[in-house]
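Architecture and fold: a report
Below are the chains, spelled out letter by letter.
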Amino acid sequence: MLQIEIDNGSGFCFGVTTAIKKAEEELAAGKTLYCLGDIVHNGMECERLRQLGLITINHEEMARLHNTKVLLRAHGEPPETYALAQRNNIEIIDATCPVVLQLQKKIKKQYETTDSQIVIFGKNGHAEVLGLVGQTEGKAIVIEKFDDVKKLDFSRDIYLYSQTTKSLDEFHRIIEYIQNHISPEAHFQSFDTICRQVANRMPNISEFASRHDLILFVCGHKSSNGKVLFSECLRRNPNSHQIEGPEEINPQWLEGMSTVGICGATSTPKWLMEQCRDELLKLQ
């Protein structure tokens, strides 16, 4: 008999849970609600909310809207989005994660009070990073990976921040490199802005992956956080597979397996992991 365990630590983080709850409340009241970008990087959850009436739009489409409501998801937005909403009489339902909001304020204050290099460790083009760079009128430098740190000007002051869902270990490697290369005349300061709710999932999921014969990591392919967590699963347990939903489960994976662990990213709904469990039970 196959033993199946769903990881208790997986599933929506606080910010995503809040955004979805706000959307559900508005839709339950029968109101038209637009969401700027996918509310969460999970296609199945987006589809569930679409069926409830949520309309996902991009920035160009928002520019054509007037006198309506638009939800801003947990990732946050740059100041221009709020200015556009004001011009078009759009009511903002702001579901920006409190951790992201705090980070935006820090970067904005730093930008307004210094002429130094503001550096963000994050993924270029990611919604959260666009919101952070927007606090600096587009002047912040984004570094995606450790090697990118070498392009900084070490003769000038550096203020380093991080996208909330990045790897803590890689962030510390970047800090160490800057400390070792910055000019004695220049000032360097780093701000650990990585969300602990996300960062703590790394050791937890590592331990979870090592306990099972087979790991099914349920996650949308757009999720940055998912990529990081799945790579950790794979490192601890080479018999790990990333799937978007139950239909991607290959019955051959179960051959000779005694225990299966099901886990996911901060953008993975619990109901989807439960559907994967139910599919496994059918395949036994």
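Residues numbered from 1 in each chain as written. Predicted model: local features only at pLDDT ≥ 70, side-chain atom pairs only at ≥ 80, totals over all residues. Heavy atoms only, no water.

Some details on the sheet that holds strand β3 (residues 55-57)
Strand order across the open sheet formed by 4 strands is β3-β2-β4-β5, with parallel pairing between neighbours. With partners counted over all chains shown, the strands left at the sheet margins are β3 and β5 (91-94), one partner each. Ignoring strand direction, the axes of neighbouring strands in this sheet form an average angle of 35°. Two elements, strand β4 (residues 69-72) and β5, share 4 bridges in a ladder whose sense is parallel. By the bridge assignment, L72 is partnered in β5 with D94. The sheet contacts of helix α1 (residues 14-28) involve β4 and β5, and relative to β4 the element is tilted by about 165°. Of the strands in this sheet, β2 (34-36), β4 and β5 are in contact with helix α4 (residues 79-87), which crosses β5 at around 145°. (Pairing = 2+ DSSP bridges. Helix = DSSP H or I, 4+ residues; strand = E, 2+ residues; numbered from the N terminus. Axes fitted to C-alpha atoms, helices over the stretch in contact; angles between N-to-C directions. Contact = heavy atoms within 4.5 Å.)

Here's the deal with the packing of aromatic side chains
Taken as a whole and judged by the stated rule, the model has 6 aromatic pairs. Taking the centre distance of 6.5 Å and the plane angle of 20° together, the rings of Y159 and F191 count as stacked. Highlighted residues: Y159 in strand β8 (residues 158-162) and F191 in the loop between β9 (188-190) and α8 (196-199), separated in sequence by 32 residues. Here a set of aromatic residues connected by ring pairs shows up, and it is made of F146, F154 and Y177. In this structure, R173 is placed above the aromatic ring of F146, and the distance from its NZ or CZ to the ring centre is 3.8 Å. (Phe/Tyr/Trp six-rings, centres within 6.5 Å; stacked < 30°, edge-to-face > 60°. Lys NZ or Arg CZ within 6 Å of the ring centre and 35° of its normal.)

Focus on the nonpolar core
In terms of nonpolar packing, the biggest core is built from 19 residues, with V149, I158, L160, I174 and I178 touching the most fellow members. Taken together, the elements giving at least two residues each to this core come down to β6 (117-121), β8 and α7 (168-181). It is α7 that contributes the most residues to this core, 5 residues altogether. Beyond its immediate stretch of four places on either side in the chain, V149 contacts I143, F154, I174, Y177 and I178. (Core = buried A, V, L, I, M, F, W, Y, C linked by side-chain atoms within 4.5 Å. Buried < 20%, exposed > 50% of the residue type's maximum accessible area, 1.4 Å probe, protein only.)

Some words on the environment of L101
With respect to the helices and strands, the residue L101 is situated in helix α5 (residues 98-113). By relative accessible area, L101 is classed as partly exposed at 29%. Expressed as a C-alpha distance, the spacing of L101 and C219, which sit 118 residues apart in the sequence, is 25 Å.

Digging into the sheet that holds β9
Spatial strand order, β7-β6-β8-β9: 4 strands in an open sheet with parallel pairing. Edge positions in the sheet fall to β7 (141-143) and β9, since each of these pairs with one other strand and no more. Within the sheet, the average angular offset between the axes of one strand and its neighbour, ignoring direction, is 20°. Sheet analysis places β6 next to β8, joined by 5 bridges and oriented parallel. Residue pairing in the sheet places I118 in a bridge with Y159 of β8. Where α7 meets the sheet, its contacts fall on β6, β7, β8 and β9, and the angle it forms with β8 comes to roughly 175°.

Here's the deal with the environment of S231
One can find S231 in helix α10 (residues 224-236). Spatially, the C-alpha atom of S231 lies 34 Å from that of E137, the residues being 94 residues apart in sequence. At 2.7 Å, the side chain of S231 forms a polar contact with the backbone oxygen of V228. (Polar contact = N/O pair within 3.5 Å; in protein donor to acceptor, adjacent residues only side chain to side chain.)

Some thoughts on the packing of helix α9 (residues 201-210) against α10
Two numbers describe a pair of packed helices, the interaxial angle and the distance between the axes. Look at α9 against α10: their axes get within 8 Å of each other, and the N-to-C directions meet at 35°. Note on packing geometry: the crossing formed by α9 with α10 is right-handed. Facing α9, whose interface residues are R201, M202, I205, S206, A209 and S210, α10 presents V228, L229, E232, C233, R235 and R236. Of the residues belonging to the contact of α9 with α10, the class tally is 6 nonpolar, 2 polar and 4 charged. (Left-handed = near helix turned anticlockwise from the far one by under 90°. Nonpolar A, V, L, I, M, F, W, Y, C, P; charged D, E, K, R; others polar.)

Things to note about unusual backbone geometry
With the exception of glycine, the majority of residues adopt a negative phi angle, and the majority of peptide bonds are in the trans configuration. Residues other than glycine seldom take positive phi values, yet N67 does so here, at roughly 55°. Positioned with a positive phi, N89 is a non-glycine residue whose angle comes to about 55°. Looking at the secondary structure, you find N89 in the loop between α4 and β5.

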